[in-house]
Amino acid sequence: AEMRQRVVRERGRYNDVDIRASLLWNDSNDLDLSILAPSGERIYHGNKRSNCGGWLDVDMNVCGETRKPVENIQWVKGTAPAGQYRVYVQNYRYHESDPRPIPYHAELCVGGRTQKIQGVISEKLETGSRSQTLLWDFDFDPQRSFDQSTTDNYDDNVILDKWRELLPTSHILRVPRPES
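Treat the numbers as computed from the prediction; the structure is a model and nothing was measured.

Asker: How should I be thinking about the overall build of the protein in this particular structure?
Answerer: Within the protein, the secondary structure is distributed over 3 helices and 9 strands. Ordering the α and β elements of the protein from the N terminus gives α-β-β-β-β-β-β-β-β-β-α-α. Of the roughly 10600 Å² of accessible surface on the protein, 47% is carried by carbon and sulfur atoms.

Asker: Would you mind going over the packing of aromatic side chains with me for this structure?
Answerer: Each pair of aromatic rings is reported with the distance of its centres and the angle of its planes. Scanning the entire structure with this criterion turns up 3 aromatic pairs. Seen from their ring centres, Tyr85 and Phe138 are 5.3 Å apart, and the 5° between their planes marks the pair as stacked. Taken together, the residues span a long stretch of sequence, with Tyr85 in strand β6 (residues 83–93) and Phe138 in strand β9 (residues 133–140) at a distance of 53 residues. Just as Tyr85 is buried, Phe138 falls in that class too. Taking the centre distance of 6.4 Å and the plane angle of 80° together, the rings of Tyr85 and Phe140 count as edge-to-face. Taken together, the residues Tyr85 in strand β6 and Phe140 in strand β9 connect sequence positions 55 residues apart. Sitting above the plane of the Tyr14 ring, Arg20 keeps its charged end 3.8 Å from the centroid.

Asker: Help me understand the sheet that holds strand β3 (residues 42–43), please; the structure alone is not making it clear to me.
Answerer: By definition, the strands of a sheet pair up through backbone hydrogen bonds, in either a parallel or an antiparallel sense. The strand order across the open sheet formed by 4 strands is β3-β2-β6-β9, and the pairing between neighbours is antiparallel. Every other strand in the sheet has two partners, leaving β3 and β9 as the edge strands with one partner each. As paired strands, strand β2 (residues 30–36) and β3 are joined by 2 bridges and run antiparallel to one another. Note on β3: the bridge partner recorded for Ile35 is Ile43.

Asker: Any chance you could explain unusual backbone geometry here in plain terms?
Answerer: Generally, phi is negative for residues other than glycine and the peptide bonds are trans, each holding for most cases. Look at Asp16: it is not a glycine, yet its phi comes out positive at around 55°. As for its placement among the helices and strands, Asp16 is situated in the loop between α1 (2–9) and β1 (17–25). Asp16 gets classed as exposed once you look at its relative accessible area, which sits at 54%. With phi around 65°, Leu125 is a residue other than glycine that occupies positive phi space. You can see Leu125 is positioned in the loop between β8 (113–121) and β9. Given a relative accessible area of 41%, Leu125 falls into the partly exposed group.

Asker: What is the right way to read the side chain of Ser50 from this model?
Answerer: By the element assignment, Ser50 lies in the loop between β3 and β4 (55–58). Apart from residues lying up to four places away in sequence, Ser50 is in contact with Glu41 and Ile43.

Asker: What is the right way to look at the nonpolar core in this model?
Answerer: As a rule of thumb, nonpolar side chains are buried together in soluble globular proteins. With 28 residues, the main nonpolar core has Ile19, Trp75, Tyr85, Val87, Tyr104 and Phe138 as its most contacted residues. Elements with a contribution of two residues or more to this core: β1, β2, β5 (70–76), β6, β7 (102–110) and β9. Per-element tally for this core: the top contributor is β7, with 5 residues. Ignoring any residue separated from it by four or fewer positions in sequence, one finds Trp75 in contact with Val17, Asp18, Ile19, Ile35, Ala37, Ile43, Cys52, Gly53, Gly54, Ala80, Pro81 and Tyr85.

What counts as what
- Residues numbered from 1 in each chain as written.
- Predicted model: local features only at pLDDT ≥ 70, side-chain atom pairs only at ≥ 80, totals over all residues.
- Heavy atoms only, no water.
- Helix = DSSP H or I, 4+ residues; strand = E, 2+ residues; numbered from the N terminus.
- Areas by Shrake-Rupley, 256 points an atom, 1.4 Å probe, with all protein chains shown as cover.
- Phe/Tyr/Trp six-rings, centres within 6.5 Å; stacked < 30°, edge-to-face > 60°.
- Buried < 20%, exposed > 50% of the residue type's maximum accessible area, 1.4 Å probe, protein only.
- Lys NZ or Arg CZ within 6 Å of the ring centre and 35° of its normal.
- Pairing = 2+ DSSP bridges.
- Contact = heavy atoms within 4.5 Å.
- Core = buried A, V, L, I, M, F, W, Y, C linked by side-chain atoms within 4.5 Å.

In short, shape yes, function no, at least from these values alone.
See below:
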């Protein structure tokens with residue numbers, strides 16, 4: 001909820017995306033999110049809009065202006081090219097008077113599926129390219145949507161068994177067309 005709130009607050013695109021990577025942290029330091037796209041372009045603060053449709057639409061803390069920053073890179077639904085993507089974070093610059101490792105939260109949404117991770121960057125107080133950390137490395141195929149990938153391997157009995165572990169059978173509603 002916090003990630004979504006910050007991205008929307010800064011007028012970034014959170015929904016209706018093929019791919020979205022978002023990063024938040026809680027100090028005035030300048031962390032940078034970047035993505036190496038299949039085209040070979042790096043989307044980052046120095047190249048906010050790529051020729052392949054990616055856009056760094058939120059870039060914060062260049063001057064250390066907030067203690068609740070967020071960064072966001074996205075491809076609008078229907079625009080992301082197929083291929084390999086690599087998502088990175090780096091500590092571009094310390095703005096805090098007492099440099100220390102920086103905890104962060106990152107979120108990746110690909111084809112409707114969201115993954116979240118937490119980490120710490122600059123454990124040895126590194127900045128710039130020395131602090132660069134790979135968060136995700138994935139392939140995207142626009143021909144294979146989230147709906148297809150979840151229903152291809154869907155087994156209603158497995159799902160129902162999981163619900164039965166938590167609820168009485170009388171409280172479980174069977175959906176006639178689970179793929180919808």
